[in-house]
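# Topology and contacts: notes
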Amino acid sequence: MNVSQSIAAGSGSFSGSGAEVYRSLSRAAVASAALAVLGLAAFVAVQMLLLPILGLICGLLGLKAIRRYPEELTGRPAALLGIGLSLTTLVGAISYHAYVYATEVPEGYTRIQFGELASTKGQPDVPTAEALKWNGQRVFVKGYVHPSSMASASAKKFILVPDLGTCCFGGQPPLTHMIEVNLTGDQYAHRNFRKKGLAGTFSVTPYLKPIEGLTGVYYQLQADVLR
């Protein structure tokens, strides 16, 4: 056996009698399976639905490449796993979040969005006309705890902000992107990155109320319910 034959035999890449042809594992198939597993986080955060969508796309691309180059690529089981799990997660997570959305607002409260409270970009950062309509009303709003607004790991008073960017990295949010929350009863909020739903009486102050560590707030919520 000469040198070239020895190299071919060691790599398993020649197609002589009794030899097995080497095939590469499809990267798209592997990515599909990995994204499908990570995509289970979509049951926790709706933003994570992007992962099973990408897992489904990678799985389909992987299958297409494997069919086109059957002598060069392998990984069909991984692609099928990624496609199946991604589809299951998409259907299940979307159904779960739809159910939560339809049932999470306590009776007697009205859902409001931070978008209704936030001033238009380029305009003065003061309470909006829509926010003033909710002054004194019982509302339900969802958001994240601003990291610098809690003196300890759990508290009855904190600042609610609309997005994970502000929640995770702190800093000074726009004034109309903050609600000072005061929890009633024996409820305590915990410092974490989980989105919280709060129901209570919303109020708008005509002046900027000072807040330690932040410029101040216009919006306040006397919260009866924490979810």
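Residues numbered from 1 in each chain as written. Predicted model: local features only at pLDDT ≥ 70, side-chain atom pairs only at ≥ 80, totals over all residues. Heavy atoms only, no water.

## Some words on the environment of Ala 93
Locating Ala 93 in the fold gives a position in helix α4 (residues 76-103). Sequence-wise, Ala 93 and Ala 42 are 51 residues apart; in three dimensions their C-alpha atoms are separated by 6.0 Å. (Helix = DSSP H or I, 4+ residues; strand = E, 2+ residues; numbered from the N terminus.)

## Some points on the environment of Ser 152
Checked against the element boundaries, Ser 152 lands in the loop between β4 (138-145) and β5 (154-155). Counting along the chain gives 38 residues from Ser 152 to His 190, while the straight-line C-alpha distance between them is 8.7 Å. In terms of polar contacts, Ser 152 uses its side chain to reach the backbone carbonyl oxygen of Ser 154, at 2.6 Å. (Polar contact = N/O pair within 3.5 Å; in protein donor to acceptor, adjacent residues only side chain to side chain.)

## Here we look at a nonpolar patch on the surface
Side chains of Val 37, Leu 40, Phe 43, Val 44 and Tyr 96 sit close together on the surface and give an oily, nonpolar patch of about 470 Å² of accessible area. Following the sequence through the fold, Val 44 ends up in the loop between α2 (27-38) and α3 (50-68). Residue class for Val 44 comes out exposed when judged on its relative accessible area of 71%. (Patch = residues over 30% accessible without salt bridge, like charges linked within 9 Å, V, L, I, M, F, W, Y side chains within 5 Å. Areas by Shrake-Rupley, 256 points an atom, 1.4 Å probe, with all protein chains shown as cover. Salt bridge = Lys/Arg side-chain N within 4 Å of Asp/Glu carboxyl O. Buried < 20%, exposed > 50% of the residue type's maximum accessible area, 1.4 Å probe, protein only.)

## With respect to the confidence of the model for the protein
Confidence along the protein averages 89 in pLDDT terms, with 89% of residues attaining 70 or more. In this model residues 1-18 is a low-confidence stretch, pLDDT under 50, and it forms 14 contacts with partners more than four residues away in sequence or in other chains. (pLDDT = per-residue confidence, 0-100. Contact = heavy atoms within 4.5 Å.)

## Some words on the packing of aromatic side chains
For the structure shown, the criterion picks out one aromatic pair. Consider the rings of Phe 202 and Tyr 219, whose centres lie 5.4 Å apart with planes at 40°: the pair is tilted. Placement of the pair is Phe 202 in strand β9 (residues 196-211) and Tyr 219 in strand β10 (residues 214-226), with a sequence separation of 17 residues. In this pair, the class of Phe 202 matches that of Tyr 219, namely buried. Over the ring of Tyr 101 we find Arg 111; its NZ or CZ atom is 3.7 Å from the centre of that ring. Lying over the aromatic face of Tyr 188, Lys 156 brings its terminal NZ or CZ to 4.7 Å of the ring centre. (Phe/Tyr/Trp six-rings, centres within 6.5 Å; stacked < 30°, edge-to-face > 60°. Lys NZ or Arg CZ within 6 Å of the ring centre and 35° of its normal.)

## Concerning α4
With 28 residues, α4 extends 40 Å between its outermost C-alpha atoms, agreeing within 8% with the 40 Å of an ideal straight helix rising 1.5 Å per residue. Ala 79, Gly 82, Ile 83, Ser 86, Thr 89, Leu 90, Ala 93 and His 97 are the residues of α4 that are buried. Where α4 is buried, its residues meet α2 and α3. (Expected span 1.5 Å × (residues − 1).)

## Quick notes on the nonpolar core
With 31 residues, the main nonpolar core has Phe 158, Ile 179, Val 181, Phe 202 and Leu 221 as its most contacted residues. It is β10 that provides the largest number of residues to this core, a total of six residues. Beyond its immediate stretch of four places on either side in the chain, Phe 158 contacts Val 145, Ser 149, Met 150, Ile 179, Glu 180, Val 181, Leu 183, Ala 189 and Leu 198. Counting residues in hydrophobic clusters, the runner-up holds nine residues, among them Ala 42, Leu 49, Leu 63 and Ala 79. (Core = buried A, V, L, I, M, F, W, Y, C linked by side-chain atoms within 4.5 Å.)

## Considerations on the packing of α2 against α3
Where α2 contacts α3, the axes come no closer than 7 Å and their chain directions differ by 160°. When the axes of α2 and α3 are compared, the pair comes out roughly antiparallel. Note on packing geometry: the crossing formed by α2 with α3 is left-handed. Packed against α2, whose contacting residues are Ala 28, Ala 29, Ala 31, Ser 32, Leu 35 and Leu 38, the element α3 presents Leu 51, Pro 52, Leu 54, Gly 55, Cys 58, Gly 59, Leu 61 and Gly 62 at the interface. The class makeup of the residues in the contact of α2 with α3 is 10 nonpolar, four polar and no charged. (Axes fitted to C-alpha atoms, helices over the stretch in contact; angles between N-to-C directions. Parallel < 35°, antiparallel > 145°, perpendicular 65-115°, else oblique. Left-handed = near helix turned anticlockwise from the far one by under 90°. Nonpolar A, V, L, I, M, F, W, Y, C, P; charged D, E, K, R; others polar.)

## Topic: the side chain of Ser 149
Relative to the elements of secondary structure, Ser 149 occurs in the loop between β4 and β5. Here His 146 takes part through its backbone oxygen, which lies 2.7 Å from a polar atom of the side chain of Ser 149. Contact partners of Ser 149, with chain neighbours within four places excluded, come to Lys 157, Phe 158 and Ile 159.

## Re the pairing of strand β6 (residues 157-161)
Side chains on a regular strand alternate between the two faces of the sheet. With four of five residues buried, β6 is to be regarded as a mostly interior element. Two strands pair when backbone bridges link them, and β4 and β6 are joined in this way by two bridges, in the antiparallel orientation. Bridge pairing in β6 links Val 145 to Leu 160. The pairing of β6 with strand β7 (residues 179-183) spans four bridges and is classified as antiparallel. In the sheet register, Lys 157 faces β7, and the bridge partner there is Asn 182. (Pairing = 2+ DSSP bridges.)

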